[in-house]
Amino acid sequence: AQSVTQLDSQVPVFEEAPVELRCNYSSSVSVYLFWYVQYPNQGLQLLLKYLSGSTLVKGINGFEAEFNKSQTSFHLRKPSVHISDTAEYFCAVSETYGGSQGNLIFGKGTKLSVKP
Amino acid sequence: DAGVIQSPRHEVTEMGQEVTLRCKPISGHDYLFWYRQTMMRGLELLIYFNNNVPIDDSGMPEDRFSAKMPNASFSTLKIQPSEPRDSAVYFCASSFRTGTYNEQFFGPGTRLTVL
């Protein structure tokens with residue numbers, strides 16, 4: 001069975017500072033990895049994804065994430081955050097094959113709060 | 001495309017009442033997912049359909065919950081009777097498989113409050 005752990009439930013940061021949101025996963029099979037963002041009172045929006053190839057993936061709004069297979073991590077980073085990045089961020093995994101292929105298993109989320 | 005459409009956006013009801021949540025997926029998508037989001041449990045997959053057929057309903061909490069997809073453009077999630085612990089935000093998502101990967105597109109959610 002797969003699982004996703006987001007180590008920080010809340011991350012406060014000042015505007016223009018760098019930020020890293022941590023995500024670790026466990027799975028007995030190979031996985032695809034995703035980060036979704038949820039702005040207040042909205043649905044989830046895909047931020048970026050890792051399917052294969054380069055372990056450093058770039059997404060929308062200046063975010064990037066690095067897949068580390070040995071550490072089973074997929075941490076999200078942004079070098080300089082804006083007030084508008086205030087949202088909840090979800091890490092998710094999906095098996096690359098098998099009956100549940102395509103299903104997303106989500107972490108509990110990390111609330112990023114950017115302060116002026 | 002208008003994206004995934006959910007209705008109502010907010011629902012307040014009393015314990016014991018029947019609640020029906022509705023979802024219109026993106027046209028052309030062949031997978032539809034229902035999720036529930038709570039503070040305690042986070043995002044949980046309740047059930048998903050492929051080509052209108054339920055594939056995995058193992059996440060449905062109990063018999064009070066049922067979901068249907070009568071055609072490719074409409075799905076419902078029904079709770080009967082509702083209980084206060086069902087209060088949550090319910091999301092619908094749809095996807096179209098390209099190769100081995102599905103990107104899920106989420107609706108805005110329905111915030112359900114059961115008093």
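Preceding block: the structure.
The rules behind each value
Residues numbered from 1 in each chain as written. Chains lettered and ligands numbered in written order. Predicted model: local features only at pLDDT ≥ 70, side-chain atom pairs only at ≥ 80, totals over all residues. Heavy atoms only, no water. Phe/Tyr/Trp six-rings, centres within 6.5 Å; stacked < 30°, edge-to-face > 60°. 1 Å grid on protein atoms, 1.4 Å probe; cavity = no way out; pocket = protein on both sides within 12 Å on 5 of 7 lines; lining within 4 Å. Points joined across faces, edges and corners; volume = space filled by probe spheres on them. Nonpolar A, V, L, I, M, F, W, Y, C, P; charged D, E, K, R; others polar. Core = buried A, V, L, I, M, F, W, Y, C linked by side-chain atoms within 4.5 Å. Buried < 20%, exposed > 50% of the residue type's maximum accessible area, 1.4 Å probe, protein only. Helix = DSSP H or I, 4+ residues; strand = E, 2+ residues; numbered from the N terminus. Contact = heavy atoms within 4.5 Å. Buried area = accessible area lost by both parts, 1.4 Å probe. Salt bridge = Lys/Arg side-chain N within 4 Å of Asp/Glu carboxyl O. Polar contact = N/O pair within 3.5 Å; in protein donor to acceptor, adjacent residues only side chain to side chain.

(A) Structural context of the packing of aromatic side chains. Evaluated as defined, the whole model comprises 15 aromatic pairs over all chains. Each residue in the set Phe-34, Tyr-36, Phe-90 and Phe-106 of chain A together with Tyr-31, Phe-33, Tyr-35, Tyr-48, Phe-91 and Phe-106 of chain B is aromatic and connected to the rest through ring pairs, giving one cluster.

(B) Fine view of the layout of surface pockets. The calculated volume of the largest pocket comes to roughly 710 Å³. Along the walls of the largest pocket sit 31 residues, with Gln-38, Glu-88 and Lys-111 of chain A together with Gln-37 and Met-39 of chain B positioned nearest its centre. Split by residue class, the lining of the largest pocket holds eleven nonpolar, 15 polar and five charged. Roughly 170 Å³ of volume is contained in the second largest pocket.

(C) Representation of the nonpolar core. Counting residues in each nonpolar core, the largest one holds 28 residues, and the members touching the most others are Leu-33, Trp-35, Leu-47, Leu-48, Phe-74, Leu-76 and Tyr-89 of chain A. For this core, the elements supplying multiple residues, two or more each, are β2 (10–14), β3 (19–21), β5 (31–38), β6 (44–50), β8 (64–68), β9 (73–78), β10 (87–95) and β12 (110–115) of chain A. Setting aside anything within four residues of it in sequence, one finds Tyr-89 of chain A in contact with Gln-6, Leu-21, Trp-35, Tyr-36, Val-37, Leu-47, Phe-63, Leu-76, Gly-109, Thr-110 and Leu-112 of chain A. Residues Ile-26, Trp-34, Ala-67 and Tyr-90 of chain B belong to the second largest nonpolar core, which totals 21 residues.

(D) Broad picture of the interface of chain A and chain B. Listed per partner, the contact involves 22 residues of chain A and 23 residues of chain B. Both faces considered, chain A and chain B share a buried interface measuring about 1700 Å² in area, 50% of it formed by carbon and sulfur atoms. In this assembly, chain A and chain B are joined by zero salt bridges. Viewed at the interface, chain B and chain A are joined by three residue pairs in polar contact (both at pLDDT 80 or more). Of all elements in the fold, only β5 and β6 of chain A reach the threshold of two or more residues within the side of chain A that touches chain B. Here the side of chain A that touches chain B gets four residues from one element, more than from any other, and that element is β5 of chain A. Class assignment of the residues belonging to the side of chain A that touches chain B gives a composition of nine nonpolar, ten polar and three charged.

These figures come from the coordinates and say nothing about function on their own.
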